[in-house]
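# Descriptive structure summary
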Amino acid sequence: MKRVFALLLIIFLGACMQVGEFTPERHAQHEMGHPDCDEMPERCINGVPW
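The residue numbers shown here count from 1 along each chain, following its written sequence. Local features in this predicted model are restricted to residues whose pLDDT is 70 or higher, and side-chain atom pairs enter the listing and the counts only when it is 80 or higher, whereas totals over whole chains, interfaces and linings include all residues. The basis for every side-chain value is the complete set of heavy atoms in the structure, and neither hydrogens nor water enter the calculation.

## Description of the overall build of the protein chain
Filter applied, for reference: The helix and strand labels rest on DSSP assignments: H or I over at least four residues marks a helix, E over at least two residues marks a strand, and numbering proceeds from the N terminus. A 1.4 Å probe and the Shrake-Rupley method give the accessible areas. Residues count as covered only by the protein chains that appear here.
From N to C terminus, the protein chain includes two helices and two strands. Going from N to C terminus, the protein chain has its helices and strands arranged as α-α-β-β. In the structure as shown, the protein chain presents an accessible area of about 5000 Å², 66% of it carried by carbon and sulfur atoms.

## As for a nonpolar patch on the surface
Quick reminder of the rule: The residues that make up patches have over 30% relative accessible area and no salt bridge, and they are joined within 9 Å when like-charged or within 5 Å when they are Val, Leu, Ile, Met, Phe, Trp or Tyr. By definition here, a salt bridge exists when the distance from a side-chain nitrogen of Lys or Arg to a carboxyl oxygen of Asp or Glu is within 4 Å. For the exposure calls, accessible area comes from a 1.4 Å probe over protein chains only, and a residue counts as buried if that area is under 20% of its type's maximum, exposed if over 50%, partly exposed in between.
A cluster of nonpolar residues, Val-4, Leu-7, Leu-8, Ile-11 and Phe-12, forms a patch on the protein surface that exposes about 500 Å² of accessible area. Structurally, Leu-7 is set in helix H1 (residues 2-15). Exposure remark for Leu-7: the relative accessible area of 52% places this residue in the exposed category.

## Brief notes about the confidence of the model for the protein chain
Filter applied, for reference: Scored from 0 to 100, pLDDT records how confident the predictor is in each individual residue.
For the protein chain, mean pLDDT is 76; residues scoring 70 or higher make up 74% of the total. For the protein chain, the element scoring lowest by mean pLDDT is strand S2 (residues 48-49), at 68; H1 scores highest, at 84.

Right, here's the structure in full:
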């Protein structure tokens, strides 16, 4: 049982991405929800996106 758990743990760790390494498409999706306040001031309150 311990061997099975250790093997699964190694497989799961090998499948994980490194923290902060995202594809450009994923960064673009994230930035869609955070407008640039200089370009779209109507989507910001006191310079903070909402």
